[in-house]
Amino acid sequence: MIEAVSCGGIVIYRGKILLLYKNFKNRYEGWVLPKGTVEPGETHDVTALREVKEESGADAKIVEYVGKSSYSFLIPEDKVEKDVHWYLMKGSSYYSKPQASEYFKDSGYYKYHEAIHLLKFANEKEMLEKAYDMYQKLRHDGRWD
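These numbers were taken from a predicted model, which means no experiment stands behind them.

**Here we look at the pattern of salt bridges**
Enumeration according to the criterion identifies nine salt bridges in this entry. As a salt-bridge pair, Glu 39 and Arg 50 come within 3.6 Å of each other at their nearest N and O atoms. Residue Glu 39 is found in the loop between β4 (35–37) and α1 (44–56), and its partner Arg 50 is found in helix α1; the two are separated by 11 residues along the sequence. Across the pair Arg 50 and Glu 51 runs a salt bridge, and its minimum N-O distance is 2.9 Å. In this structure Arg 50 comes out as buried when scored by relative accessible area, which is 15%. Residues joined by salt bridges that share partners form a network here, namely Glu 39, Glu 42, Arg 50, Glu 51 and Glu 54.

In structure tokens, the structure reads:
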């Protein structure tokens, strides 16, 4: 078994959530949140910010840690157990440009009810729900803007 750690961001700008559309050789396709692998010497928060910038081109800052999701998948000769650490992030604009080298074909900011239906994976939907609740509480308390 291989253990892997990734970090990602749930980026919100003016109430809308950043999503990426990935299409790898028409086998893997769907809307996802930006995330990626921790590089040697990186902290989780640094990885999350780097991956958001690399995969989407978006500038964001971390507001709060959301939580960890876990899943596993099979590769030809082993099983990968992956933990993903998620951060609620405040975007600086609606700008995004999907990273073509990682097979991202589209990106954009979507209203919550659209984003929750577009997301491909249940664990990402769960993290979005949690992050959006945090966002709403921060806005209500006047701590978002």
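Moving on, there is more to tell.
**Overview of the nonpolar core**
Formed by 23 residues in total, the largest nonpolar core has its most connected members in Ile 10, Ile 17, Leu 19, Val 66 and Leu 88. Aside from chain neighbours lying at most four places away, what touches Ile 17 is Ile 10, Val 11, Ile 12, Leu 33, Gly 108, Tyr 109, Tyr 110, Lys 111, Tyr 112, Ala 115, Leu 128 and Tyr 132. Val 11, Tyr 13, Ala 58 and Met 89 belong to the second-largest nonpolar core, a separate cluster that totals 10 residues.

**Some remarks on the environment of Met 127**
Note on placement: Met 127 falls in helix α3 (residues 122–140). Here Met 127 falls in the buried class, since its relative accessible area comes to 3%. Measuring from C-alpha to C-alpha, the distance between Met 127 and Lys 22 comes to 19 Å, with 105 residues separating the pair along the chain. If near-sequence neighbours (up to four positions away) are discounted, Met 127 is found in contact with Ile 10, Val 66, Gly 67, Lys 68, Ser 69 and Trp 86.

**Some thoughts on the side chain of Ser 56**
Within the element layout of this structure, Ser 56 appears in helix α1. Polar contacts involving the side chain of Ser 56 include one to the main-chain amide nitrogen of Ala 58, which spans 3.1 Å. Among all residues touching Ser 56, those that are not within four sequence positions of it are Leu 18, Leu 20, Glu 51, Ser 96, Lys 97 and Pro 98.

**Some points on the packing of aromatic side chains**
Within this structure, the stated rule accounts for 10 aromatic pairs. Note on Tyr 132 and Tyr 135: the rings are 5.2 Å apart at their centroids and 45° apart in plane angle, and the pair reads as tilted. Of this pair, Tyr 132 and Tyr 135 are both found in helix α3, three residues apart, which corresponds to roughly one turn of the helix. For the pair formed by Tyr 132 and Tyr 135, the shared burial category is buried. When the centroid spacing of 4.8 Å and the interplanar angle of 85° are considered together, the rings of Tyr 135 and Trp 144 count as edge-to-face. Ring pairing ties together the aromatic residues Tyr 112, Tyr 132, Tyr 135 and Trp 144, which thus form one cluster.

**Re a nonpolar patch on the surface**
A surface patch of nonpolar side chains, about 220 Å² in accessible area, is lined by Ile 2, Phe 73 and Ile 75. The topology assignment puts Phe 73 in strand β5 (residues 60–75). When its relative accessible area of 34% is taken as the criterion, Phe 73 is described as partly exposed.

So, how was this worked out
- Residues numbered from 1 in each chain as written.
- Predicted model: local features only at pLDDT ≥ 70, side-chain atom pairs only at ≥ 80, totals over all residues.
- Heavy atoms only, no water.
- Salt bridge = Lys/Arg side-chain N within 4 Å of Asp/Glu carboxyl O.
- Helix = DSSP H or I, 4+ residues; strand = E, 2+ residues; numbered from the N terminus.
- Buried < 20%, exposed > 50% of the residue type's maximum accessible area, 1.4 Å probe, protein only.
- Core = buried A, V, L, I, M, F, W, Y, C linked by side-chain atoms within 4.5 Å.
- Contact = heavy atoms within 4.5 Å.
- Polar contact = N/O pair within 3.5 Å; in protein donor to acceptor, adjacent residues only side chain to side chain.
- Phe/Tyr/Trp six-rings, centres within 6.5 Å; stacked < 30°, edge-to-face > 60°.
- Patch = residues over 30% accessible without salt bridge, like charges linked within 9 Å, V, L, I, M, F, W, Y side chains within 5 Å.
- Areas by Shrake-Rupley, 256 points an atom, 1.4 Å probe, with all protein chains shown as cover.

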